Amino acid sequence: MRFADLAGRRVAVWGFGREGHAALAALQLRLPGQPVTLFCSAAEGPYGQAVHPAAHVVTEAPTAGTLSSYDVVIKSPGIPAYRPEILEAQHNGTRFTSGTALWFAESPAARVIAVTGTKGKSTVSALVAHLLRSLGRRVALAGNIGLPLLELLDAEPSPDWWVVELSSFQTREAGPLEVGLVSNIYEEHLDWHGTRERYVEDKLALAAVARTLVVNARLDEVVARTAAHADRRTFGDARDWHVAGGTILRGGEHVFDLAASPLPGAHNALNACAALAVVEAMGEDARAAAPAIATFRPLPHRLQALGTRGGIDYIDDSISTTPQATLEALASLGGRAVSVLVGGHDRGLDWHAFADAVRARPPHAIVTMGANGARIAALLRETGGGYALASATTLADAFALARAATPPGGVVLLSPGAPSFDQFKDYTERGCAFARLAGFDPAAIGRIEGLGIA
């Protein structure tokens, strides 16, 4: 479905975050004067009408009956596609689309690399773009990483490559791809997808539209479920891009010394392998691009070392929204006295594997917090472990407990393993709050570099 197909139709935009804003702006540009309904909060309404003067703002949540009165609804990705009112409206003939789907329909000639994965997809996307630019390519970096695709619609001159990060909310909306990457899959977003099986299916929907598919060889389930793909490649195996002895290798060939990498942790070494595998799958010279890993600037709120105060180091890993991500953060700090802050919005994820892991390799202290903090603390008390355990409600209280528990030379690590929505707008706001509590200027944390076209 393209914008031209919306002319004269009953159209609504549902959600007015950045994706909804971009969709409304693109409608105004492509179909000026086209009537459109905007479902959003009362606070957002005036901004919506400023973007699209013909917009009719509705601040009540739409029902199935309301949605059924429209021909097309452009839905923001954060709204679950499996909500009963959406399924009923679809049954009644309403078509649901998104900014991502509209961009793909409007950009059939774009050469697209799409990156998805439970964790690390922003780092891999940004690194792929960085590597390609080091080869002299003109590259667009957009999508779930923080820049809606519709904000770059009709970009001229056209980039050589589009590197697009897709969340599990968006993978079914992608059009034809030159290369698709599934970097990893762990349990996540069960409140959106409903079940783990549906989450995995939605992630792997990328395979159906990718000419070449790249997957993590270490994930047996993903390897098995994508075995029938006509051009599937892997990373993380000794036959392809992998890590051994502190080096990234291509098969038996040493390509990059990880001592020169600015990305901490074994998981980021594997992320670099994924990026190189994608560059190679595109037909570009991955070996020639590999030295540029050394000049990559890590993304903020991802194991970001803020500095030292009172003999204690503070590390912001606010992007961590799964227990597995927290375990990877702890592994990257092996040998240090780490007090880790965990907990936040409760998506119903299983923390038993985390409890088993920290019992086997205990950090110095664990402080739980947020909506699921009490549930995590109860599990940790039940399973036991050689670490100090404390619990709080707010980030500020949890921070005070962690700082008090940490000896000089130790680390206070924010790696919540859960979303931020119980206390904050997003992970960025949570990370900035942590920095402020530790005595650092949140404005100095930085932003994601390389977004857009360069």
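Residues numbered from 1 in each chain as written. Predicted model: local features only at pLDDT ≥ 70, side-chain atom pairs only at ≥ 80, totals over all residues. Heavy atoms only, no water.

### Details of the packing of helix α12 (residues 323-331) against helix α13 (residues 352-360)
Helices that pack against each other are described as a pair by the angle of their axes relative to one another and the distance between those axes. With their axes 9 Å apart at the nearest point, α12 and α13 run at an angle of 20 degrees to one another. Considering the angle they form, α12 stands roughly parallel to α13. Between α12 and α13 lies a crossing whose hand is left-handed. Two secondary-structure elements touch here, α12 through Pro323, Thr326, Leu327 and Leu330 and α13 through Ala353, Phe354, Ala357 and Val358. For the contact of α12 with α13, the residue count by class is seven nonpolar, one polar and no charged. (Axes fitted to C-alpha atoms, helices over the stretch in contact; angles between N-to-C directions. Helix = DSSP H or I, 4+ residues; strand = E, 2+ residues; numbered from the N terminus. Parallel < 35°, antiparallel > 145°, perpendicular 65-115°, else oblique. Left-handed = near helix turned anticlockwise from the far one by under 90°. Contact = heavy atoms within 4.5 Å. Nonpolar A, V, L, I, M, F, W, Y, C, P; charged D, E, K, R; others polar.)

### So, α13
Among the residues of α13, those classed as buried are Phe354, Ala355 and Val358. Angular distribution of buried residues about the axis of α13 spans 100 degrees; they occupy a single face of the element. Exposed residues on α13 whose side chains face more than 90 degrees from its buried face are Ala353 and Ala360. The elements touched by buried residues of α13 are α12, β17 (338-342), β18 (365-368) and α14 (373-383). (Buried < 20%, exposed > 50% of the residue type's maximum accessible area, 1.4 Å probe, protein only. Arc of directions from axis to C-beta.)

### Quick word on the pattern of salt bridges
According to the stated counting rule, one finds 21 salt bridges in the structure shown. Of the charged contacts, one joins Arg9 and Asp71 as a salt bridge, the two residues approaching to 3.8 Å between their closest N and O atoms. A residue pair is termed long-range when its members are at least 10 positions apart, and Arg9 in the segment before β1 (11-14) and Asp71 in the loop between α3 (64-68) and β4 (72-75) qualify at 62 residues. You can call Asp71 buried: its relative accessible area is 17%. With a shortest N-O distance of 2.8 Å, Arg10 and Asp71 are connected by a salt bridge. Linking Arg10 in the segment before β1 with Asp71 in the loop between α3 and β4, this pair joins segments that are 61 residues apart in sequence. Each of the salt bridges in this network shares a partner with another, and the network as a whole consists of Arg2, Arg30, Glu106 and Asp154. (Salt bridge = Lys/Arg side-chain N within 4 Å of Asp/Glu carboxyl O.)

### Things to note about the environment of Gly8
Relative to the assigned elements, Gly8 resides in the segment before β1. In this structure, the C-alpha to C-alpha distance between Gly8 and Gly344, residues 336 residues apart in sequence, is 44 Å.

### Comments concerning the sheet that holds strand β21 (residues 452-453)
Strand pairing in a sheet takes place through backbone hydrogen bonds and is either antiparallel or parallel in direction. Read across the sheet, seven strands follow the order β11-β10-β9-β6-β8-β7-β21 without closing on themselves; strand pairing throughout is mixed. Across the chains shown, the open sheet's two edge strands, defined by having one partner strand only, are β11 (232-235) and β21. Note that strand β9 (residues 177-182) and strand β10 (residues 210-216) share five bridges and pair parallel. In the sheet register, Gly180 faces β10, and the bridge partner there is Leu213. Packing of helix α10 (residues 266-281) onto the sheet brings it into contact with β6 (112-116), β9, β10 and β11, and relative to β11 it is tilted by some 150 degrees. (Pairing = 2+ DSSP bridges.)

### Observations concerning the pairing of strand β16 (residues 312-316)
Taken across its five residues, β16 has four buried, putting it largely inside the fold. Pairing geometry for strand β15 (residues 304-309) and β16, over five bridges, is antiparallel. Paired with Arg309 across the bridge in β16 is Ile312. Connecting β15 to the antiparallel partner β16 that follows it, the hairpin turn spans two residues, and Gly310 within it adopts a positive phi of roughly 60 degrees.

### Points about unusual backbone geometry
Across residues other than glycine, the phi torsion is negative in most instances, and most of the peptide bonds are trans. The omega angle of the peptide bond from Glu156 to Pro157 is -10 degrees, so this bond is cis rather than trans. Of note in this structure, His301 is not a glycine but carries a positive phi near 70 degrees. Within the secondary structure layout, His301 lies in the loop between α11 (286-289) and β15. Given a relative accessible area of 3%, His301 falls into the buried group. Even without being a glycine, Leu303 presents a positive backbone phi close to 50 degrees. Along the chain, the position of Leu303 falls in the loop between α11 and β15.

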